[in-house]
Amino acid sequence: MRQLFIGFFRTLKGFVFTAIVGVAAVVFIGATFASSVLYEHLLESRNLDTSQEIASANFNSIYQALRNGGGHKQVEDAALSAKYTFATTIDQITLYPIPGLTARAVPSVPDAVRQTWQNGQPSTDKVGDQMRYIYPLSAQQECLRCHSEARGGQVLGALDIRHNLQKVTAQARLYYVALFLVLGLMVLLFALALMSFIGRRLNRSVSLFRDKVGSFDSIKDFNAIDLSKVDFGFHEFNQAFDHVAALVDKIKGIAVDKDVLEFEIRLLEKFIITSDVVRDWREFINNLLIDINPIIDAYALVTIFRTEEEAYECEIFWRNPPSEKTVQLFEAILRKQLHDHPYFHGATLLPLTHNIANQEGALPELSSQDIELQTKTLLLDTPKIGGIVGIGVQSTLGECNVRHMVIGSILSTLLNLVGSVKAIYKYTKDLEHYATRDPLTDLYNQRMFWELLGYEVGRARRHEQPFSILMLDLDNFKTVNDRYGHHCGDALLQAFGGVLQSAVRDGDLLARYGGDEFCVILPEASDMQAHMVAQRITELVEAFSMAGPDGNKIKVTTSVGIAVFPQHGDNPKDLFLVADNMMYKAKKAGKNAVAIPSGDEMAEVFRQAGEKAVMIQNALDEQKIVPFFQPICKADTGEVVIHELLMRIELGDQIVAANEFIEEAESMGIAHKMDYQLIEKAFIQIQRQGYQGILFVNLSPKALIVGEFAARVSHLAQQYGIAPQRIVFEITERETVRNLTLLEKFVRDVKLQGFSFAIDDFGSGYSSFQYIKRFPVDYIKIEGEFVRNMLHDEVYLAFIKSIVTLAKELKIKTVAEFVEDADILAAVSALGIDYAQGYHISRPSPNIQVN
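Everything quoted here is computed from the prediction, not taken from an experiment. (Residues numbered from 1 in each chain as written. Predicted model: local features only at pLDDT ≥ 70, side-chain atom pairs only at ≥ 80, totals over all residues. Heavy atoms only, no water.)

Undergrad: Give me the overall build of the protein chain: which residues, what numbers.
TA: Within the protein chain, the secondary structure is distributed over 26 helices and 26 strands. Within the protein chain, the fraction of its 851 residues that count as buried is 45%. Counted over contacts in the protein chain with a minimum sequence separation of 6, partners at least 24 positions apart contribute 70%. Total accessible area on the protein chain stands at roughly 42700 Å², and carbon and sulfur atoms take up 54% of it. (Helix = DSSP H or I, 4+ residues; strand = E, 2+ residues; numbered from the N terminus. Buried < 20%, exposed > 50% of the residue type's maximum accessible area, 1.4 Å probe, protein only. Contact = heavy atoms within 4.5 Å. Areas by Shrake-Rupley, 256 points an atom, 1.4 Å probe, with all protein chains shown as cover.)

Undergrad: Mind laying out the packing of aromatic side chains, listing which residues take part and the relevant values?
TA: Counted according to the given criterion, the structure contains 13 aromatic pairs. Ring geometry for Phe-449 versus Trp-450: centroids 5.7 Å apart, planes at 65 degrees, classification edge-to-face. In this structure Phe-449 comes out as buried when scored by relative accessible area, which is 2%. In this structure Trp-450 comes out as partly exposed when scored by relative accessible area, which is 22%. Aromatic side chains Phe-696 and Tyr-779 sit 5.1 Å apart centroid to centroid with 70 degrees between the ring planes, which places their arrangement in the edge-to-face category. Within this pair, whereas Phe-696 is found in strand S21 (residues 694-698), its partner Tyr-779 is found in strand S24 (residues 779-782), the two being separated by 83 residues in sequence. Ring-pair connections join several aromatic residues into one group, and the members of that group are Phe-449, Trp-450, Tyr-513 and Phe-576. One residue, Arg-437, lies across the ring of Tyr-444, its end atom 4.1 Å from the ring centre. Positioned above the aromatic ring of Phe-628 is the side chain of Arg-648, whose terminal nitrogen or guanidinium carbon lies 5.5 Å from the ring centre. (Phe/Tyr/Trp six-rings, centres within 6.5 Å; stacked < 30°, edge-to-face > 60°. Lys NZ or Arg CZ within 6 Å of the ring centre and 35° of its normal.)

Undergrad: I'd like a rundown of a nonpolar patch on the surface, residues and numbers included.
TA: A contiguous nonpolar surface patch, about 360 Å² in accessible area, is contributed by Leu-179, Val-182, Leu-183 and Met-186. Relative to the helices and strands, Leu-183 resides in helix H5 (residues 170-213). Under the relative-accessibility criterion, Leu-183 is labelled partly exposed at 31%. (Patch = residues over 30% accessible without salt bridge, like charges linked within 9 Å, V, L, I, M, F, W, Y side chains within 5 Å. Salt bridge = Lys/Arg side-chain N within 4 Å of Asp/Glu carboxyl O.)

Undergrad: Go over the side chain of Glu-785 with me, naming the residues and quoting the values.
TA: Among the structural elements, Glu-785 can be located in helix H24 (residues 784-789). Not counting chain neighbours up to four residues away, the residues in contact with Glu-785 comprise Arg-512, Tyr-796 and Phe-818.

Undergrad: Which residues make up unusual backbone geometry, and what values go with them?
TA: Negative phi is the rule for most residues except glycine; trans is the rule for most peptide bonds. Cis geometry marks the peptide bond from Phe-565 to Pro-566, where omega comes out at -5 degrees. One can find Pro-566 in the loop between strand S16 (557-565) and helix H17 (572-588). In this structure, Asp-442 is a non-glycine residue whose phi angle is positive, near 65 degrees. Locating Asp-442 in the fold gives a position in the loop between helix H12 (401-434) and helix H13 (446-463). Using a relative accessible area of 38% as the deciding quantity, one classes Asp-442 as partly exposed.

Undergrad: Please set out the packing of helix H15 (residues 486-503) against helix H16 (residues 527-543) residue by residue, giving values where relevant.
TA: Helices that pack against each other are described as a pair by the angle of their axes relative to one another and the distance between those axes. The contact between H15 and H16 brings their axes to 10 Å, and the two run at 140 degrees. Here H15 lies oblique to H16, going by the angle between them. Note that H15 runs across H16; the crossing there is right-handed. Together, Phe-496, Val-499, Leu-500, Ser-502 and Ala-503 of H15 and Val-533, Arg-536, Ile-537, Leu-540 and Val-541 of H16 make up the contact between the two elements. Considered class by class, the residues forming the contact of H15 with H16 number 8 nonpolar, 1 polar and 1 charged. (Axes fitted to C-alpha atoms, helices over the stretch in contact; angles between N-to-C directions. Parallel < 35°, antiparallel > 145°, perpendicular 65-115°, else oblique. Left-handed = near helix turned anticlockwise from the far one by under 90°. Nonpolar A, V, L, I, M, F, W, Y, C, P; charged D, E, K, R; others polar.)

Undergrad: Go over the pairing of S21, please, and point to the residues and values.
TA: Here S21 lies mainly inside the structure; 4 of its 5 residues are buried. Summarising the sheet, strand S19 (residues 640-651) and S21 pair through 4 bridges and their orientation is parallel. Opposite Glu-644, over in S21, you have Phe-696 as the bridge partner. Alignment of S21 against strand S22 (residues 727-732), held across 4 bridges, turns out to be parallel. Of the residues in S22, the one forming a bridge with Asn-698 is Glu-730. (Pairing = 2+ DSSP bridges.)

Undergrad: Explain the nonpolar core residue by residue, including any values.
TA: Of all hydrophobic cores here, the largest spans 110 residues; its most connected members are Leu-470, Met-674, Phe-683, Phe-729 and Val-828. Among the elements that take part in this core, helix H20 (residues 671-689) stands out by supplying 8 residues, more than any other. When near neighbours in sequence (up to four residues on either side) are disregarded, Val-828 contacts Ala-635, Val-787, Met-790, Ala-816, Val-819, Ile-833, Tyr-835 and Ala-836. By size, the runner-up hydrophobic cluster in this structure holds 23 residues, among which are Phe-449, Leu-452, Ala-511 and Tyr-513. (Core = buried A, V, L, I, M, F, W, Y, C linked by side-chain atoms within 4.5 Å.)

Undergrad: Any chance you could break down the sheet that holds strand S4 (residues 155-164) for me, citing the residues and the numbers?
TA: Taken in spatial order, the 4 strands line up as S1-S4-S3-S2 in an open sheet, and their pairing is antiparallel. The open sheet is flanked by strand S1 (90-97) and strand S2 (123-127), the only strands paired with a single partner. Across the sheet, the mean angle from the axis of one strand to that of its neighbour is 15 degrees, orientation sign disregarded. Here 9 bridges tie strand S3 (residues 130-138) to S4, and the two strands are oriented antiparallel to one another. Along S4, the bridge assignment pairs Gln-130 with Asn-164. Where helix H4 (residues 111-119) meets the sheet, its contacts fall on S1, S2, S3 and S4, and the angle it forms with S3 comes to roughly 35 degrees.

Undergrad: Give a detailed account of the pattern of salt bridges, specifying residues and quantitative values.
TA: All chains considered together, the criterion is met by 15 salt bridges. Asp-508 is the salt-bridge partner of Arg-505, the closest N and O atoms lying 2.8 Å from each other. The exposure class of Arg-505 is partly exposed, given its relative accessible area of 43%. Taking the relative accessible area as the measure of exposure, Asp-508 reaches 7% and is therefore buried.

Undergrad: So, the environment of Asp-574: which residues are in play, and what are the values?
TA: As for its placement among the helices and strands, Asp-574 is situated in helix H17. Asp-574 gets classed as buried once you look at its relative accessible area, which sits at 19%. For the pair formed by Asp-574 and Ala-563, sequence separation is 11 residues and the distance between their alpha carbons is 9.0 Å.

Undergrad: Mind laying out the packing of H13 against H17, listing which residues take part and the relevant values?
TA: Look at H13 against H17: their axes get within 9 Å of each other, and the N-to-C directions meet at 115 degrees. Relative to H17, the element H13 lies roughly perpendicular. Once H13 is placed against H17, the crossing between them reads as right-handed. Here H13 contributes Phe-449, Trp-450, Leu-453, Gly-454 and Val-457 to the contact with H17, which in turn contributes Pro-572, Lys-573, Leu-575 and Phe-576. Class assignment for the residues of the contact of H13 with H17 results in 7 nonpolar, 1 polar and 1 charged.

In structure tokens:
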């Protein structure tokens with residue numbers, strides 16, 4: 001019931017009723033109260049006037065009796081006569097003569113009477129419901145006959161007259177209450193009648209207003225809503241509806257359907273790019289087109305990518321199979337629109353590629369007007385990530401002004417999304433190619449050489465067949481580099497790679513090992529066959545020449561070392577060791593020569609390897625492992641904020657670099673122990689020098705299988721007061737491919753300990769994308785060979801740009817190695833690489849450079 005009343009009074013009718021009754025009640029009660037108070041005031045005033053007139057008449061009659069010589073008896077008779085005449089009014093009349101003027105006893109004299117005796121002035125006083133009048137009796141000429149001792153005007157006494165005032169009777173008040181109830185009922189009935197009349201008019205107006213705006217359920221209903229002029233019967237309702245109509249017109253220009261906004265939110269979830277998306281980016285866009293259709297009835301999605309400086313590829317994704325006529329018409333309109341756009345004018349548009357998202361059903365036939373009016377396109381003046389420069393959608397939504405605006409926002413989101421997918425797809429393909437190939441010569445790289453050599457050893461062992469490897473080094477290459485620069489040196493290496501390819505069979509495997517060193521694997525080749533190939537190579541190289549920048553001919557020779565399986569070794573390491581030693585033997589013999597080992601030379605090779613093992617073990621036992629530090633600076637400011645920890649062996653007055661012993665140490669299984677010794681000594685020095693920057697720590701692959709490695713380093717860091725966040729473990733990419741499971745466990749352990757993780761020589765292996773996808777990598781150090789040659793080789797530069805773009809997308813910091821001059825540093829900074837390392841910054845030293 002209470003809720004029912006509350007609901008009624010919250011309605012417009014209830015409000016009108018309450019207002020009418022309330023106002024009427026307030027006015028009525030106020031008027032009644034005011035009239036009642038006024039009436040009683042007038043009655044009291046009249047009572048006072050009447051009382052005064054009666055008292056004055058009583059006084060005059062008694063005073064006249066006294067003036068006529070009347071005695072006490074006549075005064076009492078006059079008083080009784082007055083009381084009889086005004087029985088309901090006069091309460092008491094008392095004569096107070098001044099003592100000594102009469103022999104009769106004088107009653108007790110009130111103070112007010114004495115006051116009148118003294119001043120001779122009458123007084124009036126109201127006490128409760130009575131009025132008291134005291135009149136002085138002054139001696140007149142007639143009074144002197146009886147009071148000869150008195151003087152004229154002397155006060156002889158005082159007359160005290162007391163009157164009862166009339167009260168407002170209870171019956172009069174009852175009349176007032178009855179009158180109030182009757183008039184109140186009349187007001188209530190009038191309010192109900194007025195409310196009923198107003199309610200009918202309000203109901204009509206409200207119903208009409210509701211019918212006008214009640215059909216609006218979504219943004220789509222904006223165009224259908226009837227906002228024509230109508231009279232609601234009330235001026236205020238008409239004004240309100242006019243305001244609603246104006247508001248609807250404004251909302252039409254800015255409103256967005258909730259479904260569209262929810263779709264945009266879901267679209268953002270698509271930015272979680274998985275390896276499946278990257279693997280088939282076209283299928284991803286097909287699915288995206290299907291996902292769009294519940295919100296936007298889209299027939300086609302168009303993407304435009306820049307592939308070369310002035311060449312663009314365009315792909316059209318159809319929702320359902322279109323007719324041949326629609327395809328031809330769509331292509332013609334699209335080509336015309338791109339031709340008319342100033343950015344694409346004169347550019348080469350490669351053949352258009354068509355993709356079908358859903359093979360079921362058929363696309364409606366589209367006219368040229370449909371395509372031109374219903375196609376929303378977003379074209380950029382410069383390519384964004386992935387080379388994308390444009391995206392478009394063909395949809396009936398283009399006819400709706402409300403949603404047409406929304407397509408632009410969705411296209412911007414799709415532009416970034418599709419561009420990111422295509423970019424990662426492209427960069428992954430580049431990584432997969434260049435991870436196995438040397439970018440300069442397009443021969444296999446060092447990483448792939450070891451993979452192929454291991455495979456060939458296994459194959460030859462199974463088939464009991466020999467094979468050979470050649471190790472080649474260009475003679476005097478350093479002279480060419482120093483005289484003509486790296487650009488000329490790179491051109492010479494490329495030409496040398498071409499000579500090698502012309503000298504070997506189709507099934508032979510060529511690799512650039514690094515610098516000016518090359519390797520050749522000759523399957524099913526004996527020592528004699530290998531020697532013949534080596535001779536042919538030296539002859540072709542000797543006959544080769546190249547024009548230098550100054551116009552002079554550049555001629556080089558090569559020294560070749562040979563090793564044969566199983567004659568000179570039955571595993572990749574021994575075969576490479578022999579071939580490498582034979583190459584140096586050929587150089588010592590005068591260069592431009594071929595060397596193949598004899599029995600005695602084989603013994604000497606392995607004896608030298610044994611001496612190196614002894615040297616490494618002694619260095620570990622005698623605490624001769626010493627730390628060196630190479631600064632790494634911010635590429636844009638040059639501020640040194642990182643140092644890379646490098647391992648050296650102190651051998652008397654000599655310092656032995658890691659590349660001379662690290663492979664042997666790893667084969668001996670003690671590299672991780674050397675890491676412990678190195679890290680502890682580095683921590684001691686960091687504590688002593690007060691270094692507060694970041695430290696990169698190179699780790700050997702053996703560290704991956706030592707379960708307590710991360711915990712032990714964490715204990716050392718805690719012991720020497722070094723926060724784990726300042727330590728970055730660095731694994732060379734070449735050494736991780738066979739240990740992905742172990743590496744995953746190791747990275748998880750170091751992350752739990754608070755350390756960071758970096759991949760060194762990034763790009764040198766063929767699983768680069770797998771590493772950054774599978775592991776939480778914090779830093780990648782770009783392969784130094786790419787950095788050193790990027791100013792003179794577009795392939796190197798493109799590859800670095802790919803790595804940098806990919807790293808930024810994945811929030812990974814980048815470090816450029818081999819920064820050897822100011823030009824390279826400037827280029828590194830311009831590319832957006834975060835840090836730089838190399839001899840131009842600083843060479844490694846036993847001391848930490850503290851800012």
